[in-house]
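Spelled out from the first residue to the last, the chains are:
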Amino acid sequence: MIDKAYLEITNICNLSCSFCHKTGREKRQMTAEEFEQLTDRLVGEVRYLYFHLMGEPLLHPLLPQFIKRAWEKGFRPMLTTNGTLLKTRGEALLETPPYKISISLHAPAANAAFSDADYLPSSVDFAEKAAKRGVISVLRLWNLGGEGEEENAPILRYLHARFPGEWGKVRGGSSLRLADKLFLEWGEEFDWPDLSAPVCPPEADCFCFALRDQIGILVDGTVVPCCLDAEGALALGNLFSTPLASILTSDRARGIYDGFTRRRAAESLCRRCGYARRFSKN
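Okay, so let's go over this structure. (Residues numbered from 1 in each chain as written. Predicted model: local features only at pLDDT ≥ 70, side-chain atom pairs only at ≥ 80, totals over all residues. Heavy atoms only, no water.)

### Quick notes on the layout of surface pockets
Right, on to step 1. Volume-wise, the second largest pocket comes out at about 160 Å³.
Right, on to step 2. Every residue along the wall of the second largest pocket is listed here: Leu-86, Lys-87, Gly-90, Glu-91, Leu-94, Asp-118, Ser-122, Asp-125, Phe-126 and Lys-129.
Right, on to step 3. When residues of the lining of the second largest pocket are traced back to their parent elements, those giving at least two are α3 (86-95) and α4 (119-132).
Right, on to step 4. The element that contributes the greatest number of residues to the lining of the second largest pocket is α3, accounting for five residues.
Right, on to step 5. Of the residues assigned to the lining of the second largest pocket, the class counts are three nonpolar, two polar and five charged. (1 Å grid on protein atoms, 1.4 Å probe; cavity = no way out; pocket = protein on both sides within 12 Å on 5 of 7 lines; lining within 4 Å. Points joined across faces, edges and corners; volume = space filled by probe spheres on them. Helix = DSSP H or I, 4+ residues; strand = E, 2+ residues; numbered from the N terminus. Nonpolar A, V, L, I, M, F, W, Y, C, P; charged D, E, K, R; others polar.)

As structure tokens, then:
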């Protein structure tokens, strides 16, 4: 069983943030029938179902229904959002809440929407309310080392005022418990994989958990190895027409998996991934 499947219910977003790769694929939203077909093929194959790859999941009008159906099928539904729609759509979301929700606060440098005076309070209000209803709630600042890190200070001051206490040192990959089931999480900014990015040599040390603990399913059913393949460059097959087991045992999938077992990137896109470099021993 694979731990995580990133199911892209929409590739449409209401923002255009500087840290996001974005996608040039056709804009579309998954239908209820398509969601049923794809999740039926994932039952027993994955544990955590993330409603995100590209796009903002709260834009999808059927999101509460999808979360409910995910629970009914035995998944643990997970949600990552930019938080800008929580004020208007948060209550409906909590009627059948996900297992976990992550709100990407980041910083105003990424998008002017994050500078709105009500954005941070409303996001934190929702996170508190969700946590009190048993939802693991995470406030993300994944911009360490990036252009927005210097703008974290007012965000942290606000959070510290709301959740006073001893705060540890900020470092990438760390988290701080603010309240029961409510966390602040830091991460380093990274470069998305892109075929136009600088390439590492084929013999360079490279490892990734793609196909080991995660897969991605784009809105059209295309299966990709990881949650960062924004354009579907590493298409392994289509889940609408091919069982997942067959896709994961295809020559291309096995080549990617076996390559990372040897700590080598078999695909050109993987040799251009800034996130994968954090697992390098070099």
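Alright, that's what it looks like, and here's the rest.
### Notes on the sheet that holds strand β9 (residues 222-224)
Right, on to step 1. On the basis of which strands lie adjacent, the open sheet formed by 10 strands has the order β6-β7-β5-β4-β3-β2-β1-β8-β9-β10 and mixed pairing. The sheet is open, and its two edges are formed by β6 (175-179) and β10 (237-238), each paired on a single side.
Right, on to step 2. In the packing of helix α5 (residues 152-162) onto the sheet, the strands contacted are β5 (136-144) and β7 (182-188), and the crossing angle to β5 comes to about 155°. (Pairing = 2+ DSSP bridges. Contact = heavy atoms within 4.5 Å. Axes fitted to C-alpha atoms, helices over the stretch in contact; angles between N-to-C directions.)

### Things to note about the pattern of salt bridges
Right, on to step 1. For the structure shown, the criterion picks out 19 salt bridges.
Right, on to step 2. Close ionic contact of Asp-205 with Arg-263 constitutes a salt bridge, the shortest N to O distance being 2.8 Å. Of this pair, Asp-205 sits in the loop between β7 and β8 (214-217) while Arg-263 sits in the segment after α7 (251-261), and the two are 58 residues apart along the sequence. For the pair Asp-205 and Arg-263, one class covers both residues: buried.
Right, on to step 3. If you follow the salt bridges from partner to partner, you end up with Glu-36, Asp-40, Lys-68, Arg-69, Glu-72 and Lys-73 in one network. (Salt bridge = Lys/Arg side-chain N within 4 Å of Asp/Glu carboxyl O. Buried < 20%, exposed > 50% of the residue type's maximum accessible area, 1.4 Å probe, protein only.)

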